[in-house]
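# Architecture and fold: a report
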Amino acid sequence: MLLEITDLAVEVNGRRVLKDIDLTIKEGETHVLLGPNGSGKSTLFMSILGFPKYKIVNGSILFKGEDITRLTTTERVKRGIGVSFQNPPAIKGVNLKDLLKVESGQDPKEENLTSEMEELSKKLKFNEDFLERDVNLGFSGGEVKRSEILQLLAQKPDFTMFDEPDSGVDIENVELLAEEINVLLDKNKKPGQRQRSGLLITHLGYILNFVGADMAHVLMDGKIACSGNPDEILEDIRKEGFKGCVECARCVTKS
Amino acid sequence: MLSVRDVLQKAEKAKKRKAAIGSDIDIDEFIKEDKKEHETVDSIQDVPKKVKDTLLKVGVDTSEEERAGSFLQMDQSNIYSSSISDSIELMNLEIALDKYNWLDQYMWNVVSPDGDKYTAQTALREQEEGTKSGYFIRSKPGTKEVFPMQACMFIGDETVMQTAHNIIIAEENSELHVITGCATGDDIASALHVGVSEFYLKPGSKITFTMVHNWAEQVEVRPRTGITIDDNGTFINNYILTSPVKTIQSYPTAYCSGKNSKAIFQSIQSGQKDSIIDVGSRVYLNGENSAAEVISRAVSHDESKIYSRGHLAGTVPEVKGHLECHGLVLSDDSLIYAVPELEASAANLEMSHEAAVGKIDEDEIYYLTSRGLTEEEASSMIVRGFLSMDITELPPELANETKKMTDMSLEGM
């Protein structure tokens, strides 16, 4: 098992926002997290990542068999967890290039990026001038998403969480992003040989046309209401909205 | 223009006058060293290795590569001065005064000898003891030397009171770049530095003046600077202080007297330990269509106190000015006191200010930890980013050099 979440409950500012979460993701699997706005999708991401604001009041998170429930974000990231944010903050004076050097484990004093990172930057349509820009400062929606994916490619995590990687991105660029997301998820390898895993939040499910998922989970009011085949669940949601999922909450199958 | 007698009279009257702001210093606690105390060196390369390394930290490169010349004052002694460029004259002030009889009229013209006891004491030492330390730099008319002149004020002896009087003249349509570093030997427990600098920008000229300070923890610093800018002249002042100091108080004042004259002050201050840093920039917009910009970034660590001042005074219509002060308070025991002042005494002018003091945004720290940095690494990266503002209007040669100097200062933080 790569990620094993058991009976997780999380509080933010003293308010319970997640409860009874059980979620298991194997090596090489990609899961999708669905649910209405405010159901706790991003909260689950931040809890797995270990941001201090998200207090784990019950349950545990195991990563590669190790209990990481009490570890700091940095320690979790060092063990192979990565995330692409939906709305990352802009940081004045910290440019994308310097950040990429740190993320790819390069000496920040070196003038140029590694040839691998230079190539990946070009692939994601960032030129030399863009890399010198302060990270996320005045980036367009699409530029934010591409920069997030580029940073993850530098980090090479074993488990990557994607928060709405396709929102605000035009069709042409969704395909470009999907291609790199597939790299991060070992999709270019045969299913049996895939090592890296992911969890994806998507609103519209459009990205799933390009990134295959093994399992979907629907989060309702801080609880996993149902889990199952992504196509079937998406089909239901498209037809009936999330209302159907409430009824379905009775037939929750723990994977 | 003040006669020698006027200067002496004024200085005599003001020799005990406290400065308008900043803590008062008992000048009698310090030793007045003779101007011949340290021997001159034939080459700037001849200074001890330890001094060389310290100089490099404040941007003064003893290899003199990509420099137009160098000046070095050790305590009260001018131990080296040499100009490499044909466009710029550089010499000790005393020699310059002997050489040019017209230079008198530039003495104490834009900094007043009776400003406070620091200017007064400097003037008295000049007149009474004949101690005319400091440099004279003059760019010849119509010249544009891209490489900077480098000057260093170094304190090497214990409890000295270093005084310097610098005269910088950019002749008509010339361009002059100066890098000046001030530093202290690392075994100095106490000292006082008083530097009087007077800048004269003739029509169409441009001066960039980049100063890096690297004093010791027990050094008191009182620079006194005045700048006068004629028609179409541009003065750019960059100031970087990231190392501890006991107290520093300075309030350089530019007079934009000429048509279309312009003054830009950019400063980066990082308060360490129990430093008290009181640095401001003041511009009088007296010339038609003149403009000013004062930008500062300050961060306070430990028990430091930073007073970040700015004062723009518009006295004629159609002038423009902007003040910007951003600060990060990084320790509960530290202080940032932003004092932006706008003074408008004519109609139809445009002046604004923007001051923001706060803490590091937690979301920025968390974002960086999610990329594998520790919280400490993340905040240090954010603070460095905050301080590393783009210094504008420098030629590319100097822009790189200035960036290097800033990076080096921030690294040493």
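Bear in mind that the values here come from a model prediction, so they are computed numbers and not experimental data.

## What to know about the overall build of chain B
- Along the backbone of chain B there are seven helices and 20 strands.
- In summary, chain B has a C-alpha radius of gyration of 21 Å against a globular reference of 22 Å for 413 residues, a match within 12%.
- Its C-alpha atoms give chain B principal-axis dimensions of roughly 65 × 55 × 40 Å.
- A buried classification covers 58% of the 413 residues belonging to chain B.
- Nonlocal contacts in chain B, meaning residues at least 24 apart in sequence, comprise 83% of its contacts between residues at least 6 apart.

## Regarding the overall build of chain A
- A count of helical and extended segments in chain A gives nine helices and ten strands.
- In summary, chain A has a C-alpha radius of gyration of 18 Å against a globular reference of 18 Å for 255 residues, a match within 12%.
- The dimensions of chain A, computed from C-alpha atoms along their principal axes, are 55 × 40 × 35 Å.
- Taking all 255 residues of chain A together, the buried fraction comes to 44%.
- Pairs at least 24 apart in sequence give 70% of the contacts found in chain A among residues at least 6 apart.

## Observations regarding the sheet that holds strand E1 (residues 69–74) of chain B
Residues and elements named next belong to chain B.
- Strand order in this open sheet of ten strands is E2-E1-E5-E7-E9-E11-E14-E16-E18-E20, and the pairing throughout is mixed. The open sheet terminates on both sides in strands that have one partner only, identified here as strand E2 (77–83) and strand E20 (350–358). The mean angle between the axes of side-by-side strands here comes to 5°, regardless of whether they run parallel or antiparallel.
- By the bridge criterion, seven bridges tie strand E5 (residues 149–155) to strand E7 (residues 175–184) in an arrangement that is parallel. Bridging across to E7, alanine 151 finds its partner in threonine 180.
- Across the sheet, helix H2 (residues 49–57) is in contact with E5, E7 and strand E9 (206–214); its angle to E7 comes to roughly 130°.

## Description of the pairing of strand E3 (residues 30–34) of chain A
All names here are of chain A.
- Within E3, five of the five residues are buried, which leaves the element mostly enclosed by the surrounding structure.
- Side chains Thr30, Val32 and Leu34 of E3 all project onto a buried face; the interleaved residues His31 and Leu33 project onto the opposite face, where all are buried too.
- Note that E3 and strand E8 (residues 197–201) share four bridges and pair parallel. Across the sheet, leucine 33 pairs through a bridge with isoleucine 201, a residue of E8.

## Some points on the interface of chain A and chain B
- Contacts between the two partners involve 18 residues from chain A, matched on the other side by 17 residues from chain B.
- Listing elements by their share of the side of chain A that touches chain B, those giving two or more residues are helix H2 (73–78), helix H3 (96–103) and helix H6 (141–155) of chain A.
- The element contributing the most residues to the side of chain A that touches chain B is H2(A), with four residues.
- By residue class, the composition of the side of chain A that touches chain B is ten nonpolar, five polar and three charged.

## Some remarks on the packing of H3(A) against H6(A)
Residue and element names in this part refer to chain A.
- Viewed as axis vectors pointing N to C, H3 and H6 meet at an angle of 30°, and their least axial separation amounts to 8 Å. Considering the angle they form, H3 stands roughly parallel to H6. Between H3 and H6 the crossing geometry is right-handed. In this structure, H3 contributes Leu96, Leu99, Leu100 and Glu103 to the contact, and H6 contributes Ser147, Gln151, Ala154 and Gln155.
- Its residues assigned to classes, the contact of H3 with H6 comprises four nonpolar, three polar and one charged.

## Structural notes on the confidence of the model for chain B
- Across chain B, the average pLDDT comes to 93, with 98% of residues at or above 70.
- Confidence metrics for the complex model read pTM 0.86 and ipTM 0.95.

## Description of the pairing of E2(B)
Residue and element names in this part refer to chain B.
- Most of E2 sits out of view: five of its seven residues are buried.
- Note that E1 and E2 share six bridges and pair antiparallel. Each bridged residue has a counterpart across the sheet, and for glycine 69 the counterpart in E2 is serine 83.
- Between the antiparallel neighbours E1 and E2 lie two residues, among them aspartate 75 with a positive phi of about 50°.

## Concerning the nonpolar core
Residue and element names in this part refer to chain B.
- Of all hydrophobic cores here, the largest spans 181 residues; its most connected members are Cys152, Val178, Ile207, Phe235, Cys256, Ala263 and Val283.
- Each of domain 1 (4–360) and domain 2 (361–413) gives at least three residues to this core.
- Residues within four places of isoleucine 207 in sequence aside, it is in contact with Ile168, Ala170, Leu176, Val178, Phe199, Leu201 and Phe235.

## What to know about the domain arrangement of chain B
Residue and element names in this part refer to chain B.
- Its domain assignment divides chain B into domain 1 (4–360) and domain 2 (361–413).
- Across the boundary between the two partners, domain 1 contributes 25 residues, which contact 23 residues of domain 2.
- Those elements giving two or more residues to the side of domain 1 that touches domain 2 turn out to be E9, strand E11 (234–241), strand E14 (262–271) and strand E16 (291–300).
- With four residues, the top contributor of residues to the side of domain 1 that touches domain 2 is E14.

## Topic: the UniProt feature "domain: SUF system FeS cluster assembly SufBD core" (unreviewed entry) in chain B
- In the numbering used here, UniProt assigns the feature "domain: SUF system FeS cluster assembly SufBD core" (unreviewed entry) to residues 157–386 of chain B.
- For residues 157–386 of chain B, the helix share is 9%, the strand share is 59%, and the end-to-end C-alpha distance is 35 Å.

## With respect to H6(A)
All names here are of chain A.
- Given a rise of 1.5 Å per residue, 15 residues ought to cover 21 Å, and the 22 Å separating the end C-alpha atoms of H6 matches this to within 8%.
- Taken residue by residue, H6 has Val144, Lys145, Arg146, Ser147, Glu148, Ile149, Leu150, Gln151, Leu152, Leu153, Ala154 and Gln155 as its buried positions.
- At its buried positions, H6 is contacted by strand E6 (81–84), H3, helix H4 (115–123), strand E7 (159–163) and helix H7 (171–184).
- Of the residues trailing H6, lysine 156 is marked for its positive phi of about 55°.

## A short note on helix H4 (residues 117–129) of chain B
All names here are of chain B.
- With respect to burial, H4 is a largely interior element, ten of its 13 residues being buried.
- Listing the buried residues of H4 in full gives Lys117, Tyr118, Thr119, Ala120, Gln121, Thr122, Ala123, Leu124, Arg125 and Glu126.
- In this structure, the buried side of H4 is in contact with helix H1 (4–14), strand E6 (161–170), strand E8 (191–201) and strand E10 (219–229).
- Looking one or two residues beyond H4, the residue adopting positive phi is glycine 130, at roughly 70°.

## Structural notes on the sheet that holds strand E10 (residues 223–228) of chain A
Residue and element names in this part refer to chain A.
- The strand order across the open sheet formed by six strands is E6-E7-E8-E3-E9-E10, and the pairing between neighbours is mixed. Looking at which strands have only one partner, the edges of the open sheet turn out to be E6 and E10. When strand polarity is set aside, the average angle formed by the axes of neighbouring strands in this sheet is 20°.
- Seen against the sheet, H6 touches E6 and E7 and runs at an angle of roughly 165° to E6.

## Topic: unusual backbone geometry
Residue and element names in this part refer to chain B.
- If you check the backbone angles, asparagine 260 has positive phi at about 55° while not being a glycine.
- Tracing the sequence through the fold places asparagine 260 in the loop between strand E13 (253–256) and E14.
- Look at asparagine 260 and you get partly exposed, because 18 C-beta atoms sit within 10 Å.
- A positive phi angle, near 70°, is found at glutamate 318, a position not held by glycine.
- Relative to the helices and strands, glutamate 318 resides in the loop between strand E17 (305–314) and strand E18 (320–329).
- Overall, the presence of 15 C-beta atoms within 10 Å leaves glutamate 318 in the partly exposed class.

Parameters and conventions
- Just so you know, the residues in each chain are numbered from 1, in the order the chain's sequence is written.
- Each chain is given a letter, starting from A, and each ligand a number, starting from 1, according to the order in which they appear as written.
- Where totals are concerned, whole chains, interfaces and linings use all residues; where local detail is concerned, this predicted model gives features only for residues with pLDDT of at least 70, and gives and counts side-chain atom pairs only at 80 or more.
- Put simply, DSSP H or I for four residues or longer makes a helix, DSSP E for two residues or longer makes a strand, and each gets a number counted from the N terminus.
- Radius of gyration here uses only the C-alpha atoms, and the compact-globule reference equals 2.2 Å multiplied by the residue count raised to the power 0.38.
- The exposure scheme places C-beta atoms from the backbone and then counts, for each residue, the other C-beta atoms within 10 Å of its own, assigning buried at 20 or more, exposed at 12 or fewer, and partly exposed in between.
- We call two residues in contact if the C-beta atoms placed from their backbones are at most 7 Å apart.
- Any two strands are treated as partners once DSSP identifies two or more bridges connecting them.
- A fitted line through C-alpha atoms represents every axis, and for helices the fit uses only the stretch in contact; the resulting angles, taken between N-to-C directions, go from 0 to 180 degrees.
- Residue polarity follows a fixed list, in which Ala, Val, Leu, Ile, Met, Phe, Trp, Tyr, Cys and Pro are nonpolar, Asp, Glu, Lys and Arg are charged, and the others, Gly among them, are polar.
- When describing relative orientation, an angle under 35 degrees is termed roughly parallel and one over 145 degrees roughly antiparallel, while 65 to 115 degrees is termed roughly perpendicular and anything else oblique.
- Crossings are assigned a handedness: left-handed for a near helix turned anticlockwise from the far helix by less than a right angle, right-handed for a clockwise turn.
- pLDDT is a residue-level measure of predictor confidence that goes from 0 to 100.
- Nonpolar cores are identified as sets of buried Ala, Val, Leu, Ile, Met, Phe, Trp, Tyr and Cys residues joined via C-beta atoms within 7 Å.
- Segmentation of the chain into domains, including their bounds, is taken from an automatic or database domain assignment.
- UniProt positions are given in the numbering used here, feature names are shortened, and annotations may be inferred rather than shown by experiment.
- A helix is expected to span 1.5 Å for every residue after the first.

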